[in-house]
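Coordinates in review
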Amino acid sequence: MYQLPDFRPPKDSIIDSHAHFNDERFEPCREELFAAMREYGVKKIINCGTDYKRIEECLELSRKYDFCHTAIAFHPSELPDEEIDYKRLEEIIKSEKVVAVGETGLDYYWRSDNKQRQKKEFIEHINLAKRCRLPIIVHDRDAHADTLEILKEHKPKGVVHCFSGSVEMAREIVKLGMYIGVGGVLTFKNGRVLKEVVREIPLESILLETDAPYLSPEPFRGGLNHSALIIYVARTLAEIKGVSVDEVLRLTKENAEKLFGI
Ligand code: NI
């Protein structure tokens, strides 16, 4: 069902800055898996709810498990037909354990027919985050130029999750004071560009993430991803940067704690 790493990192050494543990694929094993993940160094998880139903599911997880936090937004590839009620999102942020607005952004891979709408909602999400003094979690798929343009213009705090842009784009993001989210792709054979990106930017600007249940790292590519498997991403990152795995875990954890105030 799920795999566990071949060694245990120190207790509380991992923060997963982006996951979807509300996903139904975790239904049969969530309780057991959460217990195992805690044994394997996982300190905190940020679950991203991407519509009202999923937001409620993620909030339910943070009510039940104090190591779970929630980010809320409408995903750019699944914008609702009706107008988004940002007041309602603001109410949720004020009354619940919400640490970020996300994932929001642009997705021209799944939806290239409504770019203007996506840009408008992205900016609305940024404004919501600013009003609530929260960071944003940005989703950018095949929309690098427009994403960067909006970030440069509106200058939110936050992270570009599952970063898939160029070294130049990464440098611009870091210059804006934002973070680069790195997950399982770093361990893939075809993760060459991301390897170049992390070589060029400081560890102080990197957050680790899973995007669980997706993007399981090697050697479990294709399997069910979860936060304890971040250790494989940390190992690859340590190798590329020429530092110890402990150093990677320590710095990336500090980065997440600082950004999300957790
Ligand atoms: Ni995601």
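This write-up is about the structure you can find in this document. (Residues numbered from 1 in each chain as written. Predicted model: local features only at pLDDT ≥ 70, side-chain atom pairs only at ≥ 80, totals over all residues. Heavy atoms only, no water.)

Topic: the overall build of the protein chain
What the protein chain contains, in helices and strands, is nine helices and eight strands. Expressed as lengths along the three principal axes of its C-alpha atoms, the size of the protein chain is roughly 45 × 40 × 30 Å. Considering only contacts in the protein chain between residues 6 or more positions apart, those separated by 24 or more positions represent 71%. Carbon together with sulfur atoms contributes 48% to the accessible area of the protein chain, which is approximately 11,600 Å² in total. (Helix = DSSP H or I, 4+ residues; strand = E, 2+ residues; numbered from the N terminus. Contact = heavy atoms within 4.5 Å. Areas by Shrake-Rupley, 256 points an atom, 1.4 Å probe, with all protein chains shown as cover.)

Brief notes about the side chain of Ser17
Structurally, the position occupied by Ser17 is in strand 1 (residues 14-19). Within the structure, the side chain of Ser17 is placed 2.7 Å from the backbone oxygen of Leu208, a separation counted as a polar contact. Filtering out sequence-adjacent residues up to four positions away, Ser17 remains in contact with Ile46, Ile137, Leu207, Leu208, Glu209 and Phe260. (Polar contact = N/O pair within 3.5 Å; in protein donor to acceptor, adjacent residues only side chain to side chain.)

Examining the pattern of salt bridges
In the structure shown here, the tally under the stated rule is 25 salt bridges. Here Arg250 and Glu247 are joined by a salt bridge, their closest N and O atoms 3.2 Å apart. Of this pair, Arg250 and Glu247 both sit in helix 9 (residues 245-260), separated by three residues, roughly a single helical turn. (Salt bridge = Lys/Arg side-chain N within 4 Å of Asp/Glu carboxyl O.)

Here we look at the environment of Arg88
Structurally, the position occupied by Arg88 is in helix 3 (residues 86-95). Taking the relative accessible area as the measure of exposure, Arg88 reaches 42% and is therefore partly exposed. Counting along the chain gives 36 residues from Arg88 to Tyr52, while the straight-line C-alpha distance between them is 9.9 Å. (Buried < 20%, exposed > 50% of the residue type's maximum accessible area, 1.4 Å probe, protein only.)

As for the coordination of the nickel ion
Taken together, His18 (NE2), His20 (NE2), Glu103 (OE) and Asp211 (OD) make up the full set of protein donors to the nickel ion, lying 2.1 to 2.3 Å away. Each of the four donor atoms around the nickel ion contributes to a set of angles spanning 86 to 176 degrees, which defines the coordination as irregular. On the basis of relative accessible area, Glu103 is assigned to the buried category, the value being 3%. For Asp211, a relative accessible area of 11% corresponds to the buried category. (Donors = N, O, S within 2.8 Å, 3.2 Å for Na, K, Ca; no water. Tetrahedral: all angles 85-135°; square planar, octahedral: opposite > 155°, others 65-115°.)

Looking at the packing of helix 6 (residues 167-175) against helix 7 (residues 192-200)
Where helix 6 contacts helix 7, the two axes come as close as 9 Å, and the packing angle between them is 40 degrees. By the angle between their axes, helix 6 is oblique relative to helix 7. In terms of crossing hand, the pair formed by helix 6 and helix 7 is right-handed. Taken together, the residues of helix 7 that come into contact with helix 6 (itself represented by Val167, Ala170 and Arg171) are Glu196, Val197 and Glu200. Split by residue class, the contact of helix 6 with helix 7 holds three nonpolar, no polar and three charged. (Axes fitted to C-alpha atoms, helices over the stretch in contact; angles between N-to-C directions. Parallel < 35°, antiparallel > 145°, perpendicular 65-115°, else oblique. Left-handed = near helix turned anticlockwise from the far one by under 90°. Nonpolar A, V, L, I, M, F, W, Y, C, P; charged D, E, K, R; others polar.)

A look at helix 9
The end-to-end C-alpha distance of helix 9 is 22 Å, a good match for the 22 Å that 16 residues give at a rise of 1.5 Å each. For helix 9, the complete set of buried residues consists of Val248, Leu249, Leu251, Thr252, Lys253, Asn255, Ala256, Glu257, Leu259 and Phe260. Where helix 9 ends, the next residue or the one after it, Gly261, has phi of about 60 degrees, a positive value. (Expected span 1.5 Å × (residues − 1).)

With respect to the sheet that holds strand 5 (residues 136-141)
On the basis of which strands lie adjacent, the open sheet formed by eight strands has the order 1-2-3-4-5-6-7-8 and parallel pairing. Of all the strands in the sheet, the pair left with one neighbour each is strand 1 and strand 8 (206-208). Direction aside, neighbouring strands of the sheet carry axes that sit 30 degrees apart on average. Sheet strands in contact with helix 5 (residues 144-154) are strand 4 (98-107), strand 5 and strand 6 (158-160), and its direction is about 155 degrees off that of strand 5. Helix 9 contacts strand 1, strand 2 (42-49), strand 4, strand 5, strand 6, strand 7 (179-182) and strand 8 of the sheet and is inclined by roughly 95 degrees relative to strand 8. (Pairing = 2+ DSSP bridges.)

Re the layout of surface pockets
Counted as a void, the largest pocket has a volume near 980 Å³. Forming the walls of the largest pocket are 37 residues, and the residues nearest its centre are His139, Arg141, Asp211, Tyr214 and Leu215. Of all the secondary-structure elements, those providing two or more residues to the lining of the largest pocket are helix 2 (52-64), strand 4, strand 5 and helix 7. Broken down by class, the residue content of the lining of the largest pocket amounts to 10 nonpolar, 12 polar and 15 charged. (1 Å grid on protein atoms, 1.4 Å probe; cavity = no way out; pocket = protein on both sides within 12 Å on 5 of 7 lines; lining within 4 Å. Points joined across faces, edges and corners; volume = space filled by probe spheres on them.)

Side note on unusual backbone geometry
Residue Glu103 is bonded to the preceding Gly102 through a cis peptide linkage, with omega at 5 degrees. Position of Glu103 relative to the elements: it lies in strand 4. Looking along the chain, the bond that leaves Glu218 and enters Pro219 is cis, with omega of 5 degrees. Within the secondary structure, Pro219 sits in the loop between strand 8 and helix 8 (230-241). We note that Arg133 has phi near 55 degrees; this positive angle belongs to a residue other than glycine. Along the polypeptide, Arg133 turns up in the loop between helix 4 (115-131) and strand 5.

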